[in-house]
Amino acid sequence: MSEPRSDEDWMRHALALADRAEQEGEVPVGAVLVGPGGELVAEGWNRNITENDPTAHAEIVALRRGGQALGNYRLTGCTLYVTLEPCAMCSMAMVHARLARVVYGASDPKTGAAGSVFNLLTDSRHNHRLQAEGGVLAEEAGSRLTEYFRRKRARPGL
């Protein structure tokens with residue numbers, strides 16, 4: 001039996017998915033859904049541009065695929081690893097899915113809803129709260145996003 005993967009291992013997996021998003025012309029954000037037993041359940045990366053869908057954030061894509069894989073809209077006991085702090089939409093989807101935990105890389109000081117701007121994941125007014133841990137491989141995750149937007153701004157006409 002193999003040793004369980006660490007948070008850093010899963011975040012590296014999410015970072016590889018962020019690279020895939022960028023190769024497809026998307027903002028480089030990736031997400032990995034891991035089951036209660038430490039098994040890979042689903043993956044997602046940003047698909048907003050490709051699918052013309054404002055809700056197709058990496059987290060939502062991974063949650064949708066996870067629900068399909070498990071045959072349940074409740075993802076009880078699962079952990080979601082995502083390269084960027086979740087926004088309000090994604091955070092509330094995690095609450096509704098009954099995730100146990102979310103682990104993210106870079107904080108988002110503009111729209112982060114796991115503590116930076118809002119803290120929707122642990123709000124006592126909700127009937128479910130989940131554990132949130134940020135800063136896992138944050139420098140690597142943040143630099144990917146910073147460089148992506150720097151390159152994008154440098155291109156004429158964009």
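The text that follows walks through the structure, step by step, so that each part is easy to find. (Residues numbered from 1 in each chain as written. Predicted model: local features only at pLDDT ≥ 70, side-chain atom pairs only at ≥ 80, totals over all residues. Heavy atoms only, no water.)

To describe a pair of aromatic rings, one takes the distance between the centres and the angle between the planes. Here the structure, examined in full by the defined rule, presents two aromatic pairs. With 6.3 Å between their ring centres and 25° between their planes, Trp10 and Tyr81 make a pair best called stacked. Here Tyr81 lies in strand β3 (residues 79-84) and Trp10 lies in helix α1 (residues 7-23), a separation of 71 residues in the sequence. Side by side, Trp10 and Tyr81 carry an identical accessibility label, which is buried. Residue placement shows Arg5 over the ring face of Trp10; its charged tip is 3.9 Å from the ring centre. In this structure, Arg65 packs its charged tip against the face of Trp45, placed 5.0 Å from the ring centre. (Phe/Tyr/Trp six-rings, centres within 6.5 Å; stacked < 30°, edge-to-face > 60°. Helix = DSSP H or I, 4+ residues; strand = E, 2+ residues; numbered from the N terminus. Buried < 20%, exposed > 50% of the residue type's maximum accessible area, 1.4 Å probe, protein only. Lys NZ or Arg CZ within 6 Å of the ring centre and 35° of its normal.)

By the secondary structure assignment, Leu130 is in the loop between β4 (101-106) and β5 (131-133). The buried category is assigned to Leu130, whose relative accessible area is 3%. Along the backbone, Leu130 and Leu99 are 31 residues apart, and their C-alpha atoms lie at a distance of 6.4 Å. For Leu130, the residues in contact, after removing those within four places along its chain, are Met94, Val95, Leu99, Ala100, Arg101, Val102, Leu121 and Thr122. (Contact = heavy atoms within 4.5 Å.)

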